[in-house]
Amino acid sequence: MKRYKTLLFDVDDTLLDFGAAESAALQQLFKDQKLTLTPEMETHYKRFNKEQWWSYEAGKISRDELLNSRFSKFFKEYGQDVDGILLEKKFRGYLREGYQLINGAFELIKDLESKYDLYIITNGVSETQDKRLLASGLHPLFKNVFVSDDIGYQKPRKEFFDYVFERIPNFTEKHSLVVGDSLGSDIKGAELAGLDSCWFNPERNPNDTTIMPTYEIRKLNELYNILK
């Protein structure tokens, strides 16, 4: 019997290149505001945005607070008073068009589809994630797509995983594996839920946390070594 039967995949920066999609969306958003997006400004925004998502995942702010205020807070630093809700809507529209695949992602999922029960587990906005997954061709390869926006809880909350487990037929923790790039949401979530985890770490980032993945890979095709 295979060690793993159910594989739970994160989306952003695991299967889809969120960085590339985000950069393209930001370029268009800044153009709308008649601002030039410099490399420094983009780096600053991405750091600021990650901090906002970390706060959300830690339960410090709500999803609506994050989405409706991040652009008003950010543009205020550059002397612009903007409608955060309107800019969020515009940004979401641009982001939905970004579905660049991580190298080897489609080939891996296409191959695993017939051998494992594949599911998506992602934090984000349902409409955005669904459209990007459909455009990339990945959506139909998964048995179900679970998005925090629909569930009401986000990774790494145990409630998120409990919701997922209840909707997977014949689910067992010991035969399931979480694959994702985020120590704080994917790997910690797996740890809290009692699942094995595989940290996708292509940039060889150091792990300065107490969160310990079961496995670590640099390339997606290295997952085969774990699944053998």
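Notes on the structure in this doc start here. All figures in this text were calculated on a predicted structure; none of them were measured in a lab. (Residues numbered from 1 in each chain as written. Predicted model: local features only at pLDDT ≥ 70, side-chain atom pairs only at ≥ 80, totals over all residues. Heavy atoms only, no water.)

### So, the overall build of the protein
Counting its regular elements, the protein contains 10 helices and 6 strands. For the protein, whose C-alpha radius of gyration is 18 Å, the value lies close to the compact-globule estimate of 17 Å for 228 residues. With the C-alpha coordinates of the protein rotated into their principal frame, the extents come out at 60 × 35 × 30 Å. Taken across its 228 residues, the protein has 50% of its residues classed as buried. Excluding contacts between residues fewer than 6 apart, the proportion of contacts in the protein whose partners are at least 24 apart in sequence is 65%. Carbon together with sulfur atoms contributes 49% to the accessible area of the protein, which is approximately 11,400 Å² in total. (Helix = DSSP H or I, 4+ residues; strand = E, 2+ residues; numbered from the N terminus. Rg over C-alpha atoms; globule rule 2.2 N^0.38 Å. Buried < 20%, exposed > 50% of the residue type's maximum accessible area, 1.4 Å probe, protein only. Contact = heavy atoms within 4.5 Å. Areas by Shrake-Rupley, 256 points an atom, 1.4 Å probe, with all protein chains shown as cover.)

### Examining the packing of aromatic side chains
Tallied over the full model, the rule gives 17 aromatic pairs. Between phenylalanine 30 and phenylalanine 75 the ring centres are 5.1 Å apart and the planes differ by 40°, which places this aromatic pair in the tilted class. Taken together, the residues phenylalanine 30 in helix α1 (residues 18–32) and phenylalanine 75 in helix α3 (residues 63–76) connect sequence positions 45 residues apart. The pair phenylalanine 30 / phenylalanine 75 is uniform in exposure class, with both members buried. Arranged with centres 5.9 Å apart and planes meeting at 80°, the rings of phenylalanine 74 and phenylalanine 75 form a pair that is edge-to-face. Phenylalanine 75 sits in the buried class, given a relative accessible area of 0%. Here the aromatic residues Phe30, Tyr45, Phe48, Phe71, Phe74, Phe75, Tyr78 and Phe91 are joined through ring pairs into a cluster of three or more. One Lys or Arg, arginine 167, reaches over the ring of tyrosine 163 and ends 3.5 Å from the middle of that ring. (Phe/Tyr/Trp six-rings, centres within 6.5 Å; stacked < 30°, edge-to-face > 60°. Lys NZ or Arg CZ within 6 Å of the ring centre and 35° of its normal.)

### As for the sheet that holds strand β5 (residues 196–200)
Through backbone hydrogen bonds, the strands of a sheet pair up, either in parallel or in antiparallel fashion. Ordered by their spatial adjacency, 6 strands build an open sheet running β3-β2-β1-β4-β5-β6, and the pairing between neighbours is parallel. Strands with a single pairing partner mark the edges of an open sheet, and in this sheet they are β3 (144–147) and β6 (215–217). Direction aside, the axes of adjacent strands within the sheet are offset by 20° on average. In terms of strand pairing, strand β4 (residues 176–180) meets β5 through 4 bridges, oriented parallel. Paired with glycine 180 across the bridge in β5 is tryptophan 199. Relative to strand β1 (residues 6–9), helix α5 (residues 105–112) is tilted by about 155°, and along the sheet it contacts β1 and β2 (117–122). Contacting β2 and β3, helix α6 (residues 126–136) runs over the sheet at an angle of about 145° to β3. (Pairing = 2+ DSSP bridges. Axes fitted to C-alpha atoms, helices over the stretch in contact; angles between N-to-C directions.)

### Brief notes about the environment of asparagine 170
When you line up the elements, asparagine 170 lands in the loop between α8 (158–166) and β4. Residues asparagine 170 and asparagine 221, spaced 51 residues apart in sequence, show a C-alpha to C-alpha distance of 27 Å.

### A short note on the pairing of β4
Burial analysis of β4 places 5 of its 5 residues in the buried class, the great majority of the element. On β4, burial covers both faces: Ser176, Val178 and Gly180 on one face and Leu177 and Val179 on the other are all buried. In terms of strand pairing, β1 meets β4 through 4 bridges, oriented parallel. The partner of phenylalanine 9 across the bridge, within β4, is valine 179.

### Here we look at the pairing of β3
Where β2 and β3 come together, 4 bridges link them in parallel fashion. When the bridges of β3 are listed, threonine 122 appears paired with valine 147. Considered for its hand, the β-α-β crossover made up of β2, α6 and β3 is right-handed. (Right-handed = clockwise from strand over helix to strand, strands pointing away.)

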